Amino acid sequence: MPTDSPAPADTPRTPPAPAAPVPAPFPERAALPDPGPAPTLRDPDAQAPGPGGPAPATPRGYRAVFAVAEFRAVFAAHLLSLLGVVVSELALTVLVYDLTGSPLLSALTFALGLLPYIVGGTLFAGVADRYPARRVLVVCDLLCAACVAVMLVPATPVAGLLALRCLVAAIAPVFTGTRMAALTDILGEGDLYVLGRSLLRIVSQSAMLIGFGAGGMLLTVLSPRGAITVTVVTFLCSAALLRFGTQDRPARATTGAGAGGTLLKESLSGARLVLGDRRIRALMLLFWLPAMFVVAPEALAAPYADAIGASPAALGLLLCAMAVGHIGAELFVGSALSPRNRSRIVLPVAAVGLLPLLVYAVRPGLPLALAALALAGAGAAYVIGLDQWFVDAVPQELRGRAMTLLTAGLMTVQGLGMALAGLAAEFFPVHQVVAGSGIIGTVCTLLLVAEVRRTDPRRMPYTEERDGADRHVTSR
């Protein structure tokens, strides 16, 4: 299932303390020609005021992000390809079931959208920094379009359909990680980047609500292969938007950080450098860990609805409630809070974000369960501030690989969390499993929050901070 998650998601920097203001953006780098507007919340197309004339209105918040022409192209490409992927997932599941009559293979089609992420994100992450970002994004879209086009051939066997599904899923983290890293070139490394990432996440959440509905409507008038055709068109449109709507910038990893070896060596070297840095590792885990536990109620929505005697319509509400809460909270935090306050809420909100799931301990009815799920979804809004901390912590030449690994890990832990929740539900009542996920997840997150605090450079002893900075210098 494609997402930005969470994530997505993008340098060496000294990250801001959790309770301190986000620092001003760093100067533009000479190595990157025309990286786009710095994150000053100014309209790059605004005209200077005439003599004696009033100053032009300066767009702020999300409007300032849309004022950047390159971001509009990236946003439109993301929306098109994401809707296409969601529609194709539903259509491909129906197609596999029609061909085989097997519920297992039909369900496996969805699972194969998650499992290959860790392979693609680990083995192919070097692509994100080794080649120019625009080229990587366009080629990824074209490869995905080719894979989906082969799915349309009637002679393609079921095994071939599943293999092509795996290939598309393996390409996805490379595409997402590259795009996340490229956003810092387009929007800068400050508030515009954070709001741009927030918009892409909101689109991802909304696409899951809209895309499945659109896919269901398409399947009433088209065959499964006819609906899959839509995905080919969306991938091609996305490639065209990225090719002609964004600037061509040089590759990041021309020197240092494992550059110069084979692609596999660069990918594994980048993963080792990213995960070997204590601060980056802690921040990455703060993206992953809450996401692993918060998926339990979604994974078990069907059996829980059955347990409380809810209707199929109620099941749909249970599946949508968390996304609705996430979208609403992210829009509020992104538009109403300053960068300083978004930074301040990261650790407190992350620490309590899973507590609403404890309501399941009393086996709540539908209204209370929906409220708990919406609150749990709202808890994910802490990642807006976390985005800034992460991009400040990752060296620029590692950024693409770090973002690719972040995306791959996020999708993998969510799949793992769903599987573990399903396994636990074989032995315990569903409501106890969900409540237990909230308890265990909260304890683990609290331990991780303490680690993030300890790795804050403003809290670390001088010698440890100095040694960490030296380590970054030598790694480059």
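(A) Representation of the packing of aromatic side chains within the structure. Under the counting rule described, the total for this entry stands at five aromatic pairs. The interplanar angle of 40 degrees and the centroid separation of 6.0 Å between the aromatic rings of phenylalanine 71 and phenylalanine 75 together place this pair among those described as tilted. Placement of both phenylalanine 71 and phenylalanine 75 in helix α2 (residues 69–100) is noted, with a separation of four residues, approximately one turn of the helix. Judged by its relative accessible area of 18%, phenylalanine 75 is buried. On the numbers, 4.9 Å between centres and 55 degrees between planes, the contact of tyrosine 304 with tyrosine 360 is tilted. Remark: tyrosine 360 occurs in the loop between α16 (346–352) and α17 (366–378) and tyrosine 304 occurs in helix α13 (residues 301–307); sequence separation between them is 56 residues. As far as burial versus exposure is concerned, tyrosine 304 and tyrosine 360 are alike and both buried.

(B) Summary view of the pattern of salt bridges. Scanning the model with the defined rule gives seven salt bridges in all. One salt bridge connects arginine 342 with aspartate 191, and the closest N-O pair in it is separated by 1.9 Å. Of this pair, arginine 342 sits in helix α15 (residues 339–344) while aspartate 191 sits in helix α8 (residues 191–221), and the two are 151 residues apart along the sequence. In this structure, arginine 342 and aspartate 191 share a single accessibility class: buried. One continuous salt-bridge network, built from bridges that share partners, spans Arg201, Glu330 and Asp387.

(C) Geometry of the environment of histidine 326. Along the chain, the position of histidine 326 falls in helix α14 (residues 312–336). A relative accessible area of 10% means that histidine 326 is categorised as buried. Residues histidine 326 and leucine 373 lie 47 residues apart in sequence; the distance between their C-alpha atoms is 9.6 Å. In this structure histidine 326 touches Gln205, Gly377, Ala378 and Ala380, once residues within four positions along its chain are discounted.

(D) A look at the confidence of the model for the chain. On average, residues of the chain score 77 in pLDDT, and 77% of them are at 70 or above. Across the chain, the secondary-structure element scoring lowest on mean pLDDT is helix α21 (residues 462–475), at 39, and the one scoring highest is α16, at 94. Here residues 5–56 is modelled with pLDDT under 50, and outside its nearest four sequence neighbours on either side it reaches 142 contacts, counting other chains as well.

(E) Highlighting unusual backbone geometry. The phi angle at arginine 363 is positive, at roughly 50 degrees, despite the residue not being glycine. Note on placement: arginine 363 falls in the loop between α16 and α17. Under the relative-accessibility criterion, arginine 363 is labelled partly exposed at 41%.

(F) Spotlight on the state of the cysteines. Taken as a whole and assessed by the stated rule, the structure comprises zero disulfides. Left unpaired, cysteine 144 is separated from the closest cysteine sulfur, that of cysteine 147, by 6.2 Å.

(G) A look at the nonpolar core. In this structure, Phe71, Leu187, Leu286 and Phe390 are the most contacted members of the largest nonpolar core, which totals 113 residues. Here this core gets 13 residues from one element, more than from any other, and that element is helix α7 (residues 158–187). In this structure, leucine 286 is in contact with Val346, Leu347, Ala350, Tyr382, Leu386, Thr445, Leu448, Val449 and Val452, ignoring residues within four places of it in sequence.

Rules used throughout
- Residues numbered from 1 in each chain as written.
- Predicted model: local features only at pLDDT ≥ 70, side-chain atom pairs only at ≥ 80, totals over all residues.
- Heavy atoms only, no water.
- Phe/Tyr/Trp six-rings, centres within 6.5 Å; stacked < 30°, edge-to-face > 60°.
- Helix = DSSP H or I, 4+ residues; strand = E, 2+ residues; numbered from the N terminus.
- Buried < 20%, exposed > 50% of the residue type's maximum accessible area, 1.4 Å probe, protein only.
- Salt bridge = Lys/Arg side-chain N within 4 Å of Asp/Glu carboxyl O.
- Contact = heavy atoms within 4.5 Å.
- pLDDT = per-residue confidence, 0-100.
- Disulfide = S-S within 2.5 Å.
- Core = buried A, V, L, I, M, F, W, Y, C linked by side-chain atoms within 4.5 Å.

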